[in-house]
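Below, each chain spelled out in residue letters.
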Amino acid sequence: MLEKYFEYKKHKTDFKTEVIAGTTTFLTMAYIMFLNPFILSGEFAGPEKGFFDFGAVYTATILATALACFIMAFYGKTWPIGLAPGMGINAFVAFGVCAGMGYSPQEALGAVLVAGVLFLIISLTPIRAWLINSIPKSLKLGIGAGIGLFLAIIGLQIMEVVVDNPVTLVQLGNLGDPLVLLGCATFIAIIVLEKMNVKGNIIIGILVFSIIAWATGLAKFNGLASTPPPMTYLFEFDLSAAMTAGMSTVIFTLLFIDFFDTAGTLTSVANVAGKVGKDGKVKDINKAMLSDSVSTVAGAMMGTSTVTSYVESGAGVKAGGKTGMTSLVIGILFLACIFFAPLATSLPKQIDGAALLFVSVLFVRNITDIDDKIIQKSNEKNISYRELGQNVWKEFAVAHENLNCLEPDIEPKATAYIPEIVQYIEKLIQNGFGYVTSSGVYYDVSKFENYLDLSGRSIEDVRTGTRVETEDDKKRAEDFALWKFSKEGEPSWDSPWGGGRPGWHIECSTMISETLGKTIDFHCG
């Protein structure tokens, strides 16, 4: 029955592969069952302090996650995606909406519900495509990076690495506290496990170091399992505040983050899964977006913050997942965890904070993909890009002198090498390494077999980590720009392909070759 419904043969997969893929994705995102109730409860502060009840959110998280995965499995059946309450959004709801703005959990859930309904409406109309294409890529990436910084300070405070200070706002905490040190060790261990490509590095780090805390008496173990806590927020959303000016900004924020996070995640996973066609279109993305929006509405009714697609799903895709059967397995495994609420309350907050800090790093990583910084900054300051460049160069020279650095032998400027850069790009195109699109000229990384060798990463790692949607006619997400066509008001130089400016990598490669020769020891920045 499952084989026929999910069409294993058509998608070149089988039951065993899908189960392994689902288990892999579950392990990479299982941390959410602990972190979501922890964050929404205000670090166990609970309703007494204006936050959510931990137990109620734990049950809601499990059931909302399972239901969302089942919806994706049976409706968006070609998508091997895991869904759960989103990180970042939950922190915004807890500390921004409830603690910061003073709204009750019920009113916050009302905002989540309204945002979910609006997302559902958008997913059913052409507005979806218009919105995705109208927001600048740098803004989409900047949102993710901003969320990451927000999560980072919360994570550090939960770990007690930094604490409140009435004058400077934050200061270093007691780094001699054994639990603080254990939290730091957890963070380091999770990073090491990730570099070792261990699946489920976050959940492994949480459980291993929690066991150490329990065994040494640093934390109390409250038990392993019990009957699920009651869902006290089931259908308890309050819409009375939804139409107020203050709450309207909250609804817009929730909708904006969820919509573009989902679009970026689905496109990222689509790149890994090979669901991006030759025309640059993502196959069946409508069903996936609709499944995601319905899941947000269902999650709000159950009593948790916005449910969204998880980029960790790329791990399951790399393990061979190709159909909704992967999502079905993820949902079943989450459902099996519904009895582990006592275990969730036993985790030391410093270790929870370490996991949150690691997740924040994954979000902040987006900022490395934001381009055109000079153009954006010059527009903000209302000066030319040349003047901005000169100012930055002067500041660099002062810092260089103050640090007593050695004087450079050569200080080339990319703008002086435009003809040479154009010649290098022409050679790359002639040799099959570059291709022209409607937005510029791109380097085809698939043609260079040693690409990423120095970093020890694979193409799949790059695809899984990116949350950037592929341009309409760009072959793949990891290809990078050699020449970017300029828009009105942007700096531009002539080329055989049209007015534009060079990409970062070709600038460096050309200037190095022209000034230092064909081989170099190090290239860093």
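These numbers come from a predicted model, not from an experiment. Starting from 1, residues in each chain are numbered consecutively following that chain's sequence as written. The predicted nature of this model means local features are confined to residues of pLDDT at least 70 and side-chain atom pairs, given and counted, to a pLDDT of 80 or more, with totals for whole chains, interfaces and linings taken over all residues. In computing side-chain properties, one takes all heavy atoms of the structure into account and sets aside hydrogens as well as water.

## Overview of the pattern of salt bridges
Alright, step 1. The salt bridge criterion pairs a side-chain nitrogen of Lys or Arg with a carboxyl oxygen of Asp or Glu, the two atoms within 4 Å. One pass over the structure, following the stated rule, counts 2 salt bridges.
Alright, step 2. Of the charged contacts, one joins Lys349 and Glu160 as a salt bridge, the two residues approaching to 3.2 Å between their closest N and O atoms. In this pair, Lys349 is assigned in helix 16 (residues 349–364) and Glu160 in the loop between helix 8 (137–159) and strand 2 (162–165), connecting sequence segments 189 residues apart.
Alright, step 3. Residue classification places Lys349 among the partly exposed residues on the basis of a relative accessible area of 26%.
Alright, step 4. Where Lys447 meets Asp444, a salt bridge forms, and the shortest distance between an N and an O atom there is 3.9 Å.
Alright, step 5. Given a relative accessible area of 45%, Lys447 falls into the partly exposed group.
Alright, step 6. The buried label goes to any residue with under 20% of its type's maximum accessible area, the exposed label to any with over 50%, and the partly exposed label to all in between, with areas taken from a 1.4 Å probe on protein chains only. Of the residues examined, Asp444 reaches a relative accessible area of 2% and is grouped as buried. Secondary structure follows DSSP: runs of H or I at least 4 residues long count as helices, runs of E at least 2 residues long count as strands, and numbering of each begins at the N terminus.

## Notes on the side chain of Asn36
Alright, step 1. With respect to the helices and strands, Asn36 occurs in helix 3 (residues 32–40).
Alright, step 2. Here, residues are in contact when the closest pair of their heavy atoms is within 4.5 Å. Filtering out sequence-adjacent residues up to four positions away, Asn36 remains in contact with Val57, Thr61, Pro85, Asn90, Thr304 and Ser305.

## A short note on a nonpolar patch on the surface
Alright, step 1. On the surface, Leu2, Tyr5, Phe15 and Phe74 cluster together to form a nonpolar patch covering roughly 350 Å² of accessible area.
Alright, step 2. Take Leu2: it is sitting in helix 1 (residues 2–6). Each patch is built from salt-bridge-free residues with over 30% relative accessible area, joining like charges within 9 Å and nonpolar side chains (Val, Leu, Ile, Met, Phe, Trp, Tyr) within 5 Å. We get accessible surface area from the Shrake-Rupley algorithm with a probe of 1.4 Å; when it comes to residues, only the shown protein chains can shield them.

## Quick look at the confidence of the model for the chain
Alright, step 1. Known as pLDDT, the predictor's per-residue confidence is scaled from 0 to 100. Put simply, the chain has an average pLDDT of 85, and 88% of its residues get 70 or more.
Alright, step 2. Within the chain, the element-level pLDDT minimum falls on helix 20 (residues 459–465), averaging 58, and the maximum on helix 4 (residues 54–74), averaging 97.

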